[in-house]
Amino acid sequence: MNQETPMTEQESLDLITNMIQKAKSSYHDTGIGSLLWGTVVTVASVVTYFQRTYDFSFGFDIWLIVLAAIIPQIFISVQEKKSNKVKQYEDDALNAIWLVFGITIFGLNIYQMIVPDVTNAFIKQEGWQLTKHYLNNSKADEPINAFTPSIYSLFILIYAFPTLVTGIVKKFKPMLYGGVITYGLFIGSCFTITEYDFLLGGVAALICWFIPGVILRRKYLAQQKANV
Amino acid sequence: MSLLISVKEAEFTFIKEKTNATAGNLSVQVQKLKEAGYIDVTKQFVDNYPQTTCKVTPEGVKAFEAYVKALQAYLQVGKNN
């Protein structure tokens, strides 16, 4: 007959430490969400850079692929929720941050679409207009529409925020470094023309989500392999 | 308890895997902790499969903290003697 031997106090403490370590190391994001967003935002940003630099069009707005990515993201979220066997304390807070990030990006798109037209209407009501004036008088003045200058810099600024928070909270260095570097890219983009802002935005998406996504995916697959 | 204390909630299968306990043995332990009011146990069906989720209660956290403090105090006394 088996007889249980009582644990010593030191063994009890060691067991507690060991279990806490196991619980901490058990969490691995599948990485698919990061890969998805990293890919679509990088592609859309870099393509926009080339479109603006070499003046060509695909006949549709490349940023629609970012909008379309919401559909697989919903599917991924549902699947991950079902397959997650453990929920960490910070998961709900981080999910809320990413949701608010999505809403903020959406809001900024709305701002970009609405504000120039509304501004044009207001200044027209006031009886004046914006004009492009060449300092060397090489060309005649041209009336122009109101626009939001270098707005992609603001997108880059917002890309950094949830990425850095996730990196800090999850102690996941690739996202932490990604977030910090992206703040640097934001500062850089304040001094560049819009075309280069898109290129910098592509780099931001690459280091914030795509590269961390690859690392997360590799870790996840390695863990799955170890569990087989 | 040590495993559950560091997460918000965990499935029975996760605890079984991490503790290397048998399902029967773990069920008994889970039942004892539930009766003591240290954990909440939720049973539901997900995609036609039964799913048992365990979560530490505030009483469980207090009891665990008291236990760890007692252990630490005991070991500290041993070191000082």
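Per-chain numbering applies: the sequence of each chain, read as written, is numbered from 1 onward. Naming scheme: in the order in which they are written, chains are lettered from A and ligands are numbered from 1. Side-chain atom pairs in this predicted model are given and counted only at pLDDT of 80 or more, local residue features only at pLDDT of at least 70, and totals for whole chains, interfaces and linings cover all residues. Only heavy atoms go into the side-chain values, all of them from the structure, while hydrogens and water stay out.

Q: Would you mind going over the pattern of salt bridges with me for this structure?
A: Between side chains of opposite charge, a pair can form when the charged atoms approach closely. Within this document, salt bridges are pairs made up of a side-chain nitrogen of Lys or Arg and a carboxyl oxygen of Asp or Glu, the two lying within 4 Å of each other. Within the structure shown, the criterion is met by 5 salt bridges over all chains. The shortest N-O distance in the salt bridge between K87 of chain A and D92 of chain A comes to 3.3 Å. Working definition: with a 1.4 Å probe on protein chains only, accessible area under 20% of the residue-type maximum means buried, over 50% means exposed, and in between means partly exposed. For D92 of chain A, a relative accessible area of 33% corresponds to the partly exposed category. What emerges from the salt-bridge pattern is a single network uniting K87 and D92 of chain A together with K8 of chain B.

Q: What's the story with helix α6 (residues 152-169) of chain A in this structure? I'm lost.
A: Because each turn of an α-helix spans 3.6 residues, side chains separated by three or four positions in sequence point in the same direction. Residue and element names in this part refer to chain A. By the criteria applied, helices consist of DSSP H or I runs no shorter than four residues and strands consist of E runs no shorter than two, each listed in order from the N terminus. Here, expected helix span is obtained from the residue count minus one, scaled by 1.5 Å. With 18 residues, α6 extends 27 Å from end C-alpha to end C-alpha; this agrees with the ideal 26 Å at 1.5 Å per step. Counting buried positions over the 18 residues of α6 gives 13, a clear majority of the element. Once α6 finishes, K171 follows within two positions and takes phi at roughly 50 degrees, a positive value.

Q: I keep staring at helix α2 (residues 32-54) of chain A and nothing clicks. Help me out?
A: Along its 23 residues, α2 of chain A runs 32 Å from first to last C-alpha, staying within 8% of the 33 Å computed at 1.5 Å per residue. In the segment just after α2 of chain A, D55 of chain A is the residue with positive phi, at about 50 degrees.

Q: Is there a simple way to explain the sheet that holds strand β1 (residues 86-87) of chain A in this structure?
A: Strands pair in a sheet through their backbones, by hydrogen bonds, and they do so in one of two ways: parallel or antiparallel. Note on pairing: two strands pair once DSSP finds at least 2 bridges between them. Reading across from one edge, β1(A)-β1(B)-β3(B)-β2(B) is the order of the 4 strands in this open sheet, with antiparallel pairing throughout. Two strands close off the open sheet at either side, each with one partner strand: β1 of chain A together with β2 (39-46) of chain B. Every residue pair with non-hydrogen atoms within 4.5 Å of one another is taken to be in contact. Comment: axis = line fitted to C-alpha atoms, over the contacting stretch for helices; angle = value between 0 and 180 degrees taken between N-to-C directions. Those strands touched by helix α2 (residues 12-19) of chain B are β1 of chain A together with β1 (9-11) and β3 (49-56) of chain B, and its axis lies near 80 degrees from that of β1 of chain B. Running over the sheet, helix α3 (residues 23-35) of chain B touches β2 and β3 of chain B and is turned about 125 degrees from β2 of chain B.

Q: Quick question: what am I supposed to make of the interface of chain A and chain B here?
A: In many analyses, interface size is given as the accessible surface area lost on bringing the parts together. Contacts between chain A and chain B engage 19 residues on the former and 23 residues on the latter. When two components associate, each loses some accessible surface as probed by a 1.4 Å sphere; the sum of these losses over both components is called the buried area. In total, chain A and chain B occlude about 2100 Å² of area from one another, counting both sides; carbon and sulfur atoms represent 63% of this. Ranking the residues of chain A by area buried against chain B places E9, K85 and Y89 of chain A at the top, with a combined share of 29%. Inspection of the region where chain A meets chain B yields 1 salt bridge. Between K8 of chain B and D92 of chain A there is a salt bridge, with the nearest N and O atoms lying 2.4 Å from each other. Residues adjacent in sequence count toward polar contacts only when both atoms are side-chain atoms; beyond that, a polar contact is any pair of N or O atoms within 3.5 Å, and within protein one must be able to donate a hydrogen and the other to accept it. Summed over the shared surface of chain A and chain B, the number is 6 residue pairs in polar contact (both at pLDDT 80 or more).

Q: How do you make sense of the nonpolar core when you look at a structure like this?
A: Across soluble globular proteins, nonpolar side chains have a tendency to be buried as a group. All names here are of chain A. Membership of the largest hydrophobic core comes to 30 residues, with the highest contact counts inside it found for V41, Y152, F155, Y159 and W209. Within the residue set of this core, elements represented by two or more residues are α2, α5 (91-125), α6, α7 (173-189) and α8 (194-227). Per element, the largest residue contribution to this core is 7 residues, and it comes from α8. Other than its neighbours up to four places away in sequence, W209 contacts S34, L35, W37, G38, V41, W98, F101, Y159, T163 and M175. We define the nonpolar core as a collection of buried residues of types Ala, Val, Leu, Ile, Met, Phe, Trp, Tyr and Cys that are connected through side-chain atoms lying within 4.5 Å of one another.

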